[in-house]
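Each chain, letter by letter, is given below.
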Amino acid sequence: MVPQGQSSSLQRLHHVEKRIVLLVELAGAVMEELGNSQGTLTDAVGGLCREFMLSVKEIKSAYGYRPFEKCDYSARTANEICCKKLEYVNEKMDAMQLSIEQSTNEV
Amino acid sequence: MAAMDEDVRLDLDKLPIKRLEAIDEAGNEHYPPDTSSEEQRLAAIRRIDFSWVIERDAKKAKKAAEETAQQAWPWQGLMESLQQAQQELTVVLDLISTVEANDAVTVATASKPKSTPNEVLVDMAVSAATKLQQLRHLGRYFKQSAKTMEQQFQKEARFYGSLIRLQQNWKVKRQRGTGPGSETFMFDVIDTSQLDTAAMPRFSSMALIPIDQDSLGTLSVQVPQKSCRFLSLQFRGDGANGVENYACKLNGVSSTSSAEEIDTLEDDDVNKSVKHAHSILRNIHKSIFEEQVFDMVIRETFVQSEGINVTGMRDDFLQLAIGQESLLCLSLTDSGHDSESEMAGHEEHANSEDAANLVLATTNGKQEPLKRDASGFLNPKSLEICLLHMFHENILKKVREKYRNIVRYPSPAQAAADDCGLLSHFCMTVAHRIFSNKVHLELESVVSRVPYLHLRSLPTWHSRTSSWSLCLRVPQPILASDRPTNPSDKDEPKYKSRSQFNTKIILKDGQISLLGEGSPSIAGSLTRKPSDGYLINSYNCDLEDLPTMLLQQVASQVINWLHEEAVVLGMNVTRDFLCLYFDLDQGETLGLVAHVDPDDAYGCISWYLTIDHPVEDGKMSTDNPEFEKRRFLGYLSLEVLYSTLMDLINLCSTGVHR
């Protein structure tokens, strides 16, 4: 499992990025609305602007993430050696099982 | 007055008497005020009439004007307007030339003509339309950038998500390039705290592994060009019992996975790429460590130590002689196998050969005990792991000491390693293992022919010590529950008859020692505690003598047991090392003799019955050979022996109950 603090900060960043995209789309919509040759619906523009400001507030409240380095290569090597030992023991157990089966079959 | 030719005119002034000016009603006479002399003079001057001069001038002027008027053109007006036009034109030309010469021109205020309302509206409409167009353009621009940003964010989210997952296990280094977006990331695989500086240059080429991302943001790690090398340990001439290379479990080539999935951006891709990158990094890390170990091994060979016997060396290969017979080869090899053949090899090598050997040795007891080459029994994989483990422990210990300046009390295994150096410890371990296998074979061959013996290996937690226990299980007597107990011993546990006799075989580096439980000690019989009651017979022996000594020990234990049982049953018995003598009623002595023969194919311990008649004084039993009988009983099981004992109760004279 990914540790909680790390994944949520990445998720927060992703969330903020999505809000930014939404924000820019809103801005585009506002511009389009204003540029509408039929005339501008002020209500629509007002609504869009409100959403815009809310998003800006949200983005300001989200804080940045910082990657953390946590690694211990000597422990990793020790674990690799343990892995090898386990694989070896597994082999031996399989061989034992095989010989037991063979002996019971013979009986 | 001018003298003229014409008639002179004379004006007669009135007498300068005061003339009456006015008479009013009252009759008063008003005379004009008296004038001053100046005024009289002026008045006099005024009286002079110059009118005729003025007339004369006026006449002359009139005449001249009349003359000129008669001489004027009829185009006078035209000329004047042309002249005015010319003046205007010159002004305009001057203006133009000044403007052409780029001189500053100040225009006198020229008021714009007031535009008509139509013009105003048209202007507004044009500007409004321009603004609308610009707004629309802006709107399109925003939407476009939103889309691009979204793609960019998605791509980066994939990349950084994968990077964070990998960053939990691997160090990431960042290098800032020139310009935006040219930051490159790299994985740093070396733990600088562990390596000595001397070894650094060799490994630094593999240290930093660049990270790439493709157009979708999927993270990928370049497979290094120099392929990874891993340690492999082999016994010379052991090609068939091949070295298992668990290295490099790269599945396929990385290029197969990149091209297809352009349409679907699923989590599976990310997982796959992360796992792939992780396995590559793992392999590189392992390879660096194993090369480091090889380096350290080579360096240890330069120091002359006990047990190290180098017979061959190359830059990636080391050959050591272990004992007289075995050659150990340590080499750095690439994982040159394909994934398929390697996986196939993995399944084949389920140690079936070893298992088959074991089965043969234990079940076919009647066959010739297999004298195989002991090194064939020894799995090189386990030795490889042992080597890596030892060196890693050493590295860790050095790191700890370096950082904490603490001397830790090492475990006995580590102390042994420290005394003589790692490689010599390892070589001695290998030698010990080989010898230990030989001992084990001998033990097995003995145990397989004595049915009431059980062999057990004991763990020793030391790589140069092995230990076995030979367990002699004796059948429980029927009368066990009726054993008389001393009433004063109620608080103590009941005396139980022995159910097993143990013999321990300890092997240290090639030195065999036997520890066998023997006859009950005097102290034990006093305290009645079975745990500390038995003498331990302790021997050292060679491999050749081992079976004999073992069997003798076992046989003496059987005799012990029979002796105890007989004593409990009240029989009059005496024991010798391998004999049990029953005193019979008639004074005869019945002997039950154990005979050990390690080379006997049917069984190692056989039994004889001897009868020894009492002799008259002076005669030795050996003089009458016909009275001494020695009957071969065979390879008896313990139950049979016990029942024999029971049968002999009747024959034996009853002794004193103990």
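Only a predicted model underlies this, so the values are computations on that prediction, with no experimental measurement involved.

**Observations regarding the overall build of chain A**
Helix and strand counts for chain A stand at three helices and zero strands. Traced from its N-terminal end to its C-terminal end, chain A shows the element sequence α-α-α. Looking at chain A as a whole, 30% of its 107 residues are labelled buried. Intrachain contacts of chain A at a sequence separation of at least 6 include 60% that bridge at least 24 residues. Carbon and sulfur atoms provide 59% of the accessible area of chain A, an area that totals close to 7200 Å².

**Considering the side chain of Ser331 of chain B**
Examined against the element boundaries, Ser331 of chain B turns out to sit in strand E10 (residues 326-334). Apart from residues lying up to four places away in sequence, Ser331 of chain B is in contact with Phe230, Leu231, Ser232, Phe294, Asp316 and Phe317 of chain B.

**Examining helix H16 (residues 638-651) of chain B**
Compared with the 20 Å implied by 1.5 Å per residue over 14 residues, the 20 Å span of H16 of chain B between its first and last C-alpha is a close match. Elements that come into contact with the buried residues of H16 of chain B comprise strand E12 (465-473), helix H15 (546-569), strand E17 (579-583), strand E18 (589-596) and strand E19 (605-612) of chain B.

**So, the packing of helix H4 (residues 117-167) of chain B against helix H7 (residues 267-301) of chain B**
Residues and elements named next belong to chain B. Where H4 contacts H7, the axes come no closer than 10 Å and their chain directions differ by 40°. By the angle between their axes, H4 is oblique relative to H7. Judged by the sense of rotation from one axis to the other, the crossing of H4 with H7 is right-handed. Residues Arg158, Ser162, Arg165 and Leu166 of H4 touch H7, and the partners they reach there are Asp269, Val270, Asn271, Val274, Ala277 and His278. Along the lines of polarity and charge, the residues of the contact of H4 with H7 split into four nonpolar, three polar and three charged.

**With respect to the sheet that holds strand E6 (residues 219-221) of chain B**
Residue and element names in this part refer to chain B. Pairing is antiparallel in the open sheet, where four strands are placed in the order E3-E4-E5-E6. Edge strands, defined here as strands with exactly one partner in the open sheet, are strand E3 (171-175) and E6. Averaged over all adjacent pairs, the angle separating strand axes in this sheet is 35°, with direction ignored. The pairing of E3 with strand E4 (residues 184-188) spans five bridges and is antiparallel. Considered in E4, the bridge of Lys173 is made with Met186. In this fold H7 packs onto E4, strand E5 (208-213) and E6, with an angle of close to 25° to the strand it touches most, E6.

**Observations concerning the confidence of the model for chain B**
Detailed reading of predicted coordinates is not advised where the pLDDT is low. Residues and elements named next belong to chain B. Looking at chain B as a whole, its pLDDT mean stands at 74, while 70% of the residues score no less than 70. Counted against residues more than four places away or in other chains, residues 336-374, with its pLDDT under 50, gives 45 contacts. Across the interfaces of the predicted complex, the ipTM metric reaches 0.70, alongside a pTM of 0.63.

Reading the values: the criteria
Residues numbered from 1 in each chain as written. Chains lettered and ligands numbered in written order. Predicted model: local features only at pLDDT ≥ 70, side-chain atom pairs only at ≥ 80, totals over all residues. Heavy atoms only, no water. Helix = DSSP H or I, 4+ residues; strand = E, 2+ residues; numbered from the N terminus. Buried < 20%, exposed > 50% of the residue type's maximum accessible area, 1.4 Å probe, protein only. Contact = heavy atoms within 4.5 Å. Areas by Shrake-Rupley, 256 points an atom, 1.4 Å probe, with all protein chains shown as cover. Expected span 1.5 Å × (residues − 1). Axes fitted to C-alpha atoms, helices over the stretch in contact; angles between N-to-C directions. Parallel < 35°, antiparallel > 145°, perpendicular 65-115°, else oblique. Left-handed = near helix turned anticlockwise from the far one by under 90°. Nonpolar A, V, L, I, M, F, W, Y, C, P; charged D, E, K, R; others polar. Pairing = 2+ DSSP bridges. pLDDT = per-residue confidence, 0-100.

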